[in-house]
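# Commentary on secondary and tertiary structure
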Amino acid sequence: MKISGTTVVITTYNQKESLVRSLQWLAHVSGISDIVIVDNGSTDGTSDLPEIRGGGYIYFDEGFQSYGKAWNAAVDNFPMSETIVFMEPQYILGRACITRLIEVLQREKCGIAAPMGNGFEGCQEINIDTVDTLNRLEEAATGTFLHSLDIAHGVWAISREALEENGRFEESLFDPQNVFMDYKLRLIQKGYQFMVCSNALVYNMFCECADTYASVISQRDDRETLKNKWHMNYFNLLPNRNLANLIEEEREAPIRVLEIGCDLGATLLEIRNKYPNSQLYGLEINESAADIAVHLAQVQVGNIEDKEIPFTGTFDYILFGDVLEHLRDPQGALRYCKEKLSEHGAIVACVPNLMHISVMRQLINGRFQYEDTGLLDRSHIHFFTYYQMILMFQEEGYMVEDVRNILPPLAPQDRELAEKLLELSGNTDMHMYQSFQYLIRARK
């Protein structure tokens, strides 16, 4: 693929000031052949800007449309270069950002290349507080690349070849995050990878109409559309880094890791990035999820409660990321998995905490309301407190060597309630009310 220029597609909604500044800055960015602006029904005078004249411009008279429809409109109505960058106007791109993304896209089966910047999460996050910081960091940046499923929709690049192979964006999805997620899942099924490029940098000015934008998005619910299309209740493209961090080995260690309930494979991919010589395996009950994860690791469809792991040999680590609470016999699963661990192998698990103050508040008010997700997920069969979790592992002969807490901050009224509950019990600690989940590593 030749570096022959890039079409930049900017999707905007009542972001006139950000759009003007972004367009001014794009004039100094290398590798751009043309710019297409998709105005998703702005009412702030964006259409009157002199800066948009002479280029590609689409305006939706009928008001805010789904991002799938907006992105399709750009591709349908304007010729696309060999590379296409989709972005929102609150981002300022580094001068070399696009040419560096193009270089990453030249890698075999790289479907999406993404930059790093402020306002992102996970592996895309970097502290950039001003344009001057952007320039300074870009000059010093060296190119390292990280394979990730968790690419944000704010700025991303794709080759025209991959775009044409993957087809149109899903117009029945409204939220850009969901449109992008659906598109990424389809690319994974075609064998494409997504790469984060450490020397391609952007600065996020943040959206001046964030509240209005969020309000429009929240009026539409994509959840049922996604569930019906992909036959999944969860879409975990974000790895459980807390779980992965409980694996403590030398970087080059040839560890064998099995994840029970590997979902789409994001956590296994995180482990591969940390331990490039690792051998990764997954057991997933949902066929649709396994159909994605199989492109990232050796994955089979199966239920751990059948007491059958369809892989030979033993494992240095067996992971249960928010799985034990879904099992009819979690203790039996741990007993079976002990036979599948290497001599000094370990179980690494993430377990929700029933004693979290949000649940305790419900209980003392006579309620126990199940939900689609969260601590009271309606698919949870077993519930655990700190002591019961520890006891379950100990009864199966494991040595619990590390327990960590996921501690979201408590609202003042919740902390006050937790302190009152502490006074009523002589055998509890504050973490038992504050911990949303526990992370545990238990050695054979």
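Report on the accompanying structure.

## Looking at the pairing of strand β10 (residues 256-260)
Within β10, five of the five residues are buried, which leaves the element mostly enclosed by the surrounding structure. Residue alternation in β10 divides its side chains into two sets, R256, L258 and I260 and V257 and E259, and both sets are buried. Note that β10 and strand β11 (residues 279-284) share five bridges and pair parallel. Looking across to β11, one finds that R256 is bridged to Q279. One crossover worth recording links β10 to the parallel β11 by way of helix α10 (residues 266-274), and it is right-handed. When β10 meets strand β13 (residues 315-321), the two strands line up parallel, connected through four bridges. Pairing of E259 across the sheet is with L319, part of β13.

## Digging into the packing of helix α13 (residues 357-364) against helix α15 (residues 412-424)
Where α13 contacts α15, the axes come no closer than 10 Å and their chain directions differ by 70°. In terms of orientation, α13 lies roughly perpendicular with respect to α15. Of α15, the residues touching α13 (which contributes I357, M360, R361 and I364) are Q413, D414, L417, A418 and L421. Within the contact of α13 with α15, the residues separate by chemical class into six nonpolar, one polar and two charged.

## Considerations on the nonpolar core
Counting residues in each nonpolar core, the largest one holds 88 residues, and the members touching the most others are F86, M87, L93, I158 and L185. Ranked by residue count, the leading element in this core is strand β9 (residues 193-204), at eight residues. With near-sequence residues (within four places) excluded, L93 lies in contact with W25, L26, V29, M87, I98, L134, L201 and V202. Counting 40 residues, the second largest nonpolar core, distinct from the first, contains L258, I357, M392 and L410.

## Regarding the sheet that holds strand β15 (residues 399-406)
A sheet is described by the order of its strands in space; here seven strands give the open sequence β12-β11-β10-β13-β14-β16-β15, paired in mixed fashion. Across the chains shown, the open sheet's two edge strands, defined by having one partner strand only, are β12 (298-301) and β15. When strand polarity is set aside, the average angle formed by the axes of neighbouring strands in this sheet is 15°. With seven bridges joining them, strand β14 (residues 341-352) and strand β16 (residues 437-443) adopt antiparallel strand pairing. Considered in β16, the bridge of C350 is made with L439. Across the sheet, α10 lies against β10, β11 and β13, angled at about 170° from β11, the strand it touches most.

## Some thoughts on a nonpolar patch on the surface
Together, L363, I364, F368 and Y370 make up a nonpolar patch on the protein surface, roughly 340 Å² of accessible area in all. The topology assignment puts Y370 in the loop between α13 and α14 (386-395). The exposure class of Y370 is partly exposed, given its relative accessible area of 31%.

## Points about the packing of aromatic side chains
Inspection of the entire model under this criterion finds 21 aromatic pairs. Aromatic pair F86 and W156: ring centres 4.7 Å apart, planes at 15°, arrangement stacked. In this pair, F86 sits in strand β4 (residues 83-87) while W156 sits in strand β8 (residues 155-159), placing the two residues 70 residues apart along the sequence. The class for F86 is buried, based on a relative accessible area of 0%. Accessibility expressed as a relative area gives 0% for W156, which makes it buried. Members of the aromatic cluster, connected to one another through ring pairs, are Y13, F64, Y67, W71, F86, W156, F169, F174, F180 and Y183. Lying across the ring of Y192, K109 places its NZ or CZ 3.9 Å from the centre.

Definitions and limits used
Residues numbered from 1 in each chain as written. Predicted model: local features only at pLDDT ≥ 70, side-chain atom pairs only at ≥ 80, totals over all residues. Heavy atoms only, no water. Buried < 20%, exposed > 50% of the residue type's maximum accessible area, 1.4 Å probe, protein only. Helix = DSSP H or I, 4+ residues; strand = E, 2+ residues; numbered from the N terminus. Pairing = 2+ DSSP bridges. Right-handed = clockwise from strand over helix to strand, strands pointing away. Axes fitted to C-alpha atoms, helices over the stretch in contact; angles between N-to-C directions. Parallel < 35°, antiparallel > 145°, perpendicular 65-115°, else oblique. Contact = heavy atoms within 4.5 Å. Nonpolar A, V, L, I, M, F, W, Y, C, P; charged D, E, K, R; others polar. Core = buried A, V, L, I, M, F, W, Y, C linked by side-chain atoms within 4.5 Å. Patch = residues over 30% accessible without salt bridge, like charges linked within 9 Å, V, L, I, M, F, W, Y side chains within 5 Å. Areas by Shrake-Rupley, 256 points an atom, 1.4 Å probe, with all protein chains shown as cover. Salt bridge = Lys/Arg side-chain N within 4 Å of Asp/Glu carboxyl O. Phe/Tyr/Trp six-rings, centres within 6.5 Å; stacked < 30°, edge-to-face > 60°. Lys NZ or Arg CZ within 6 Å of the ring centre and 35° of its normal.

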